[in-house]
Amino acid sequence: ADGLYLSDLPWPRTDREYGMLRELGDPDIYARKSKHYAVAQEEARSVPYAPQRNLPRTLSEGEAVPVPVFVGDALDAARRDGELQQTTLGVRIVGACPEDRYSFRLNDSELPREDAKISTFYGGIVAYFPVKVGMPQRIGTHYWFEFDLPIALLREGENSVEVTMEQHFKPLTADRVLQSVEIRIEYKE
């Protein structure tokens, strides 16, 4: 983990919050807790030791844009134990048009677009979590594509998400920008 955000814990603390704080000292407790992996955004001024950042990326018609997503969970063991409940992929494309067509792949497997839950968000202020991973505080209108993944499709370690703009509705000249890629892993509680 790069960090844990705890400053919004309510005050005064209850047994629930004190329990969370006690658990922080034992990483084994978090091995099978639900997690949210978000690909970090490019930084304005990169430093030599920072990992390569692959977002945001402007999409061009017919060009596949790969985005690596590292998952640090022991997924194989969790699958064997029947502990995984759901895995979800989220992709945010800014400036998208309803007449555009996109295709999505995860680890060389096509994700049927008709299986995606698609939400439209109109431009404005961004929620706290995306800002913490580098998204600007204000963002233009965008589509959020969300896929419920087959449990077996996600890998431990590096996963490859690939987004291709198959058809660009040319009368709308705005750039289509792949802004965010996120993976959520939910365990049975």
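Attention in this report is confined to the structure presented alongside it.

Rules used throughout
- Residues numbered from 1 in each chain as written.
- Predicted model: local features only at pLDDT ≥ 70, side-chain atom pairs only at ≥ 80, totals over all residues.
- Heavy atoms only, no water.
- Helix = DSSP H or I, 4+ residues; strand = E, 2+ residues; numbered from the N terminus.
- Buried < 20%, exposed > 50% of the residue type's maximum accessible area, 1.4 Å probe, protein only.
- Contact = heavy atoms within 4.5 Å.
- Areas by Shrake-Rupley, 256 points an atom, 1.4 Å probe, with all protein chains shown as cover.
- Salt bridge = Lys/Arg side-chain N within 4 Å of Asp/Glu carboxyl O.
- Pairing = 2+ DSSP bridges.
- Axes fitted to C-alpha atoms, helices over the stretch in contact; angles between N-to-C directions.
- Phe/Tyr/Trp six-rings, centres within 6.5 Å; stacked < 30°, edge-to-face > 60°.
- Core = buried A, V, L, I, M, F, W, Y, C linked by side-chain atoms within 4.5 Å.

What the protein chain contains, in helices and strands, is 4 helices and 12 strands. Of all 189 residues assigned to the protein chain, the portion counted as buried reaches 35%. Expressed as a percentage of contacts within the protein chain between residues at least 6 apart in sequence, the contacts between residues at least 24 apart total 79%. For the protein chain, the computed accessible surface area is about 11400 Å², with 50% contributed by carbon and sulfur atoms.

Take the pattern of salt bridges next. Two side chains that carry opposite charge are able to pair once their charged atoms sit near each other. Taken as a whole and assessed by the stated rule, the structure comprises 11 salt bridges. Glu-23 is the salt-bridge partner of Lys-33, the closest N and O atoms lying 3.8 Å from each other. Taken as a pair, Lys-33 in the loop between helix H2 (27–30) and strand E1 (35–38) and Glu-23 in helix H1 (residues 15–23) lie far apart in primary sequence, 10 residues in all. By relative accessible area, Glu-23 is classed as partly exposed at 25%. Arg-105 is the partner of Glu-110 in a salt bridge, and the nearest nitrogen-oxygen pair spans 3.4 Å.

Take the sheet that holds strand E11 (residues 157–167) next. Read from one edge to the other, the open sheet built from 4 strands follows the order E3-E11-E5-E6, with strand pairing classed as antiparallel. Only two strands of the sheet have a single partner each, and these edge strands are strand E3 (64–71) and strand E6 (109–111). Averaged over all pairs of adjacent strands, the angle between their axes in this sheet comes to 30°, without regard to strand direction.

All right, on to unusual backbone geometry then. In this model, Trp-11 is joined to Pro-12 through a cis peptide bond whose omega is 0°. Looking at the element boundaries, Pro-12 is found in the segment before H1. Cis rather than trans, the peptide bond between Leu-55 and Pro-56 has omega equal to -5°. In this model, Asp-108 sits at a positive phi of 65°, which is unusual for a non-glycine residue. Here Asp-108 shows up in the loop between strand E5 (101–106) and E6. For Asp-108, a relative accessible area of 63% gives the class exposed.

Take the packing of aromatic side chains next. Following the criterion strictly, the structure yields 4 aromatic pairs and no others. In textbook terms, an aromatic cluster arises when at least three aromatic residues are bridged by ring pairs, as seen for Tyr-102, Phe-104, Tyr-143, Phe-145 and Phe-147.

Grouped together as the largest cluster of nonpolar side chains are 34 residues, with contacts concentrated most on Leu-89, Ile-93, Phe-104, Leu-178, Val-181 and Ile-185. Listing elements by their share of this core, those giving two or more residues are E3, helix H3 (75–80), strand E4 (84–94), E5, strand E10 (142–149), E11 and strand E12 (176–187). Ranked by residues supplied to this core, first place goes to E12 with 5 residues. The residues touching Phe-104, leaving out its near neighbours within four places in the chain, are Val-91, Ile-93, Ser-109, Glu-110, Leu-111, Phe-145, Phe-147, Glu-162 and Val-163.

This is a description of form; function is not addressed.
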